[in-house]
Amino acid sequence: MDGLGRRLRASLRLKRGHGGPPQDNSGEALKEPERTQEHSLPNFAGGQHFFEYLLVVSLKKKRSQDDYEPIITYQFPKRENLLRGQQEEEERLLKAIPLFCFPDGNEWASLTEYPRETFSFVLTNVDGSRKFGYCRRLLPAGPGPRLPKVYCIISCIGCFGLFSKILDEVEKRHQISMAVIYPFMQGLREAAFPAPGKTVTLKSFIPDSGTEFISLTRPLDSHLEHVDFSSLLHCLSFEQILQIFASAVLERKIIFLAEGLSTLSQCIHAAAALLYPFSWAHTYIPVVPESLLATVCCPTPFMVGVQMRFQQEVMDSPMEEVLLVNLCEGTFLMSVGDEKDILPPKLQDGILDSLGQGINEFKTAEQINEHVSGPFVQFFVKTVGHYASYIKREANGQGHFQERPFCKALTSKTNRRFVKKFVKTQLFSLFIQEAEKSKNPPAGYFQQKILEYEEQKKQKKPRGKTVK
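Per an unreviewed UniProt entry, the recorded name for the protein chain is DENN domain containing 2D, and the organism is Rhinopithecus bieti.

Our focus in this paragraph is the sheet that holds strand β11 (residues 322-326). Spatially, β9-β10-β8-β11-β12 is the arrangement adopted by the five strands of the open sheet, whose pairing is mixed. Both edges of this open sheet fall to β9 (283-285) and β12 (331-334), since each of them pairs with a single strand only. Adjacent strand axes in the sheet meet at a mean angle of 25 degrees when their direction is disregarded. Of the pairings in the sheet, the one linking strand β8 (residues 253-258) to β11 comprises five bridges and is parallel in character. By the bridge assignment, Leu257 is partnered in β11 with Asn326. Relative to the sheet, helix α7 (residues 261-273) contacts β8, β9 and β10 (302-307), its axis offset from that of β10 by approximately 165 degrees.

What follows is about the side chain of Lys253. With respect to the helices and strands, Lys253 occurs in strand β8. A distance of 3.5 Å separates a polar side-chain atom of Lys253 from the backbone oxygen of Pro299. Within the structure, the side chain of Lys253 is placed 3.4 Å from the backbone oxygen of Glu320, a separation counted as a polar contact. Not counting residues up to four positions away in its chain, the partners in contact with Lys253 are Cys298, Pro299, Thr300, Pro301, Phe302, Glu320, Glu321, Val322 and Leu323.

This paragraph deals with the nonpolar core. Nonpolar side chains in soluble globular proteins tend to end up buried together. Among the nonpolar cores identified, the biggest contains 118 residues, and Phe50, Ile97, Met185, Phe229, Phe245, Phe256 and Met303 are the most heavily contacted of them. Ile255, Leu257, Phe302 and Met319 belong to the second-largest nonpolar core, a separate cluster that totals 17 residues.

With the rule as written, the count across this model stands at 27 aromatic pairs. Ring centres of Tyr134 and Phe163 lie 4.3 Å apart, and the angle between their planes is 5 degrees; this geometry places the pair in the stacked category. With Tyr134 in strand β4 (residues 130-138) and Phe163 in helix α3 (residues 160-174), the pair connects residues that are 29 residues apart, well separated along the chain. Owing to a relative accessible area of 0%, Phe163 belongs among the buried residues under this scheme. Here the aromatic rings of Phe245 and Phe380 are separated by 5.6 Å at their centres, their planes lie at 65 degrees, and the arrangement is edge-to-face. Placement of the pair is Phe245 in helix α6 (residues 238-249) and Phe380 in helix α10 (residues 365-384), with a sequence separation of 135 residues. Judged on exposure class, the residue Phe245 and its partner Phe380 are both buried. A cation over an aromatic ring shows up here: Arg173 above the ring of Phe184, its NZ or CZ 4.5 Å from the ring centre. Directly above the aromatic system of Phe51 lies the positively charged group of Arg189, at a separation of 5.8 Å from the ring centroid.

We now examine the confidence of the model for the protein chain. Scored by pLDDT, the protein chain has a mean of 83; 87% of the residues are at 70 or more. Note that pLDDT drops below 50 for residues 1-47; the model gives that stretch 148 contacts with residues more than four away or on any other chain. Long-range and interchain partners of residues 464-468, a stretch whose pLDDT sits below 50, account for zero contacts in this model, where long-range means more than four residues apart.

At a closest axis distance of 10 Å, the pairing of α6 and helix α9 (residues 345-356) adopts a crossing angle of 135 degrees. Between α6 and α9, the angle falls in the class oblique. Along this stretch, α6 crosses α9, giving a crossing that reads as right-handed. Listed contacts from α9 to Phe238, Glu239 and Leu242 of α6 are Gln348, Ile351, Leu352, Leu355 and Gly356. Looking at side-chain class alone, the contact of α6 with α9 contains five nonpolar, two polar and one charged residues.

The subject of this paragraph is the pairing of strand β7 (residues 210-217). As paired elements, strand β6 (residues 199-206) and β7 share eight bridges and run antiparallel to each other. Bridge pairing in β7 links Ser204 to Glu212. The antiparallel hairpin formed by β6 and β7 contains three residues in its connecting segment, where Asp208 sits at a positive phi of about 70 degrees.

Let us look at helix α12 (residues 413-422). Of all the residues in α12, the buried ones are Asn415, Phe418, Val419 and Phe422. With its buried residues spanning 100 degrees around the axis, α12 presents them on a single face. More than 90 degrees from the buried face of α12, the exposed residues found are Lys413, Arg417 and Lys421. Residues of α12 that are buried sit in contact with α6, α9, α10, α11 (403-408) and α13 (426-437).

Each value, and the rule that gives it
- The numbering scheme is per chain: residues are counted from 1 as the chain's sequence reads.
- Local features in a predicted model are, by the rule used here, given only for residues with pLDDT of at least 70; side-chain atom pairs are given and counted only at 80 or more, and totals for whole chains, interfaces and linings are based on all residues.
- To obtain the side-chain values, all non-hydrogen atoms of the structure were used and water was disregarded.
- Here, any two strands with at least 2 DSSP bridges between them count as paired.
- Counting from the N terminus, the helices are DSSP H or I runs at least four residues long and the strands are E runs at least two residues long.
- Note on geometry: axes are lines fitted to C-alpha atoms, helical ones only across the stretch in contact, with angles between N-to-C directions running from 0 to 180 degrees.
- Contacts are residue-level and defined by heavy atoms, with any inter-residue pair within 4.5 Å sufficient.
- In protein, a polar contact requires one atom able to donate a hydrogen and another able to accept it; more generally it is a pair of N or O atoms within 3.5 Å, and residues adjacent in sequence count only if both atoms are side-chain atoms.
- The nonpolar core is taken to be a set of buried Ala, Val, Leu, Ile, Met, Phe, Trp, Tyr and Cys residues, with the residues joined through side-chain atoms within 4.5 Å.
- Only protein chains enter the accessibility calculation, which uses a 1.4 Å probe. A residue is then buried if its area is under 20% of the maximum for its type, exposed if over 50%, and partly exposed in between.
- Note on aromatic pairs: the rings of Phe, Tyr and Trp (six-membered ring only in Trp) are paired at centre separations within 6.5 Å, and the planes decide the class, stacked below 30 degrees, edge-to-face beyond 60, tilted for the rest.
- Two limits define a charge over a ring: the Lys NZ or Arg CZ must be within 6 Å of the ring centre, and within 35 degrees of the ring normal.
- pLDDT runs from 0 to 100 and stands for how confident the predictor is about each residue.
- Here roughly perpendicular refers to angles of 65 to 115 degrees, roughly parallel to angles under 35, roughly antiparallel to angles over 145, and oblique to all remaining angles.
- Put simply, a crossing is left-handed when the front helix is turned counterclockwise from the back one by less than a right angle, and right-handed when it is turned clockwise.
- The residue classification treats Ala, Val, Leu, Ile, Met, Phe, Trp, Tyr, Cys and Pro as nonpolar and Asp, Glu, Lys and Arg as charged. All others, Gly included, are polar.
- Here, the arc refers to the directions that run from the helix axis to the C-beta atoms.

Structure, rendered in structure tokens:
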């Protein structure tokens, strides 16, 4: 474990030190931050396994010391007969997880009450593959003071809402016995992950309650299934969210501060989701473990969450051009100063107007997500939605993006000025690289919005001529 920890710290350019299992909540598992890729979530068609592991991570007192260390005390399933390479990969994964289940340090006291917390993290392997950790931290059942523990589901699938419901079922069974959790998770493991908009129903027996049927539905709009904008809206104003978006679009350093793991996790996922159809391509750590706080000194772009207890350590760190967001107070503690001037003014006003329209009328998480995401998708439709027309294809289908005519095609000077900066980002480069490789016409939610926008423009043109 110590060896892995040293490798991780070296990869993050941190000082070597003792303590702490290896890993970072972003999945920068063993990679340098500037090379870490947070690729877009795969659009799973359905049929995959729901999860790879269910783990219970508990706090155990260190020998001859007063503090604790998190360790895995339960694992399902136990995998046997693995090849050497697979076994080494599993060991790295299982050593990396406990630190992210308890990122808030090793000093704990037994408790009689503890509000449950639901949060997630992402681990990215050196080959770019990713695994999501979905966590529910709570107090075990029983009388008297006790330490919290974490139920952690590891999956290659990004769908926070769905796994939150699964953790609800795990928590319900944990109050009875671990033995009741096993058959539920076994049934889940044998079920096929549903396609977007589809439902899978599991049959589960609970002592004294009988047989239950549990329906798990995947959102039809899969690009929002790993996000809940409610926490972000609760903590910040529309104007502040827009400034965070502007900073992220230019791939700057953004730090979120909050007390709770749930708030940090949900807000940072929401901030990253605003970039759709683009994907944050740099260091991404929803909750930074205490032993990896020096990540905030990295010279390359990052988006990280830090618990409020470490605020002073962050403020004392040498940092340049950082947007430091206090989610508890709804304030910016540090900023570059030009965040309001990054986006074209007219489009900026359009986003704010759209966000403010009828926001209090929406009741479900899906309605809120769609309402918040929509204006930002439209922003990209209006600025770069014409990209497909400027990919010139060879006879073999390989495309080549024509950057200069693409930028020139924008009639608005302010839009063109912004896009000339945006095309230089990794956000845009990765997106265009995928488009250049694709042999098929563009498809998906973003393309649908582009077509709708182009149709609206066609319908407006005749009316304009009539007025003249």
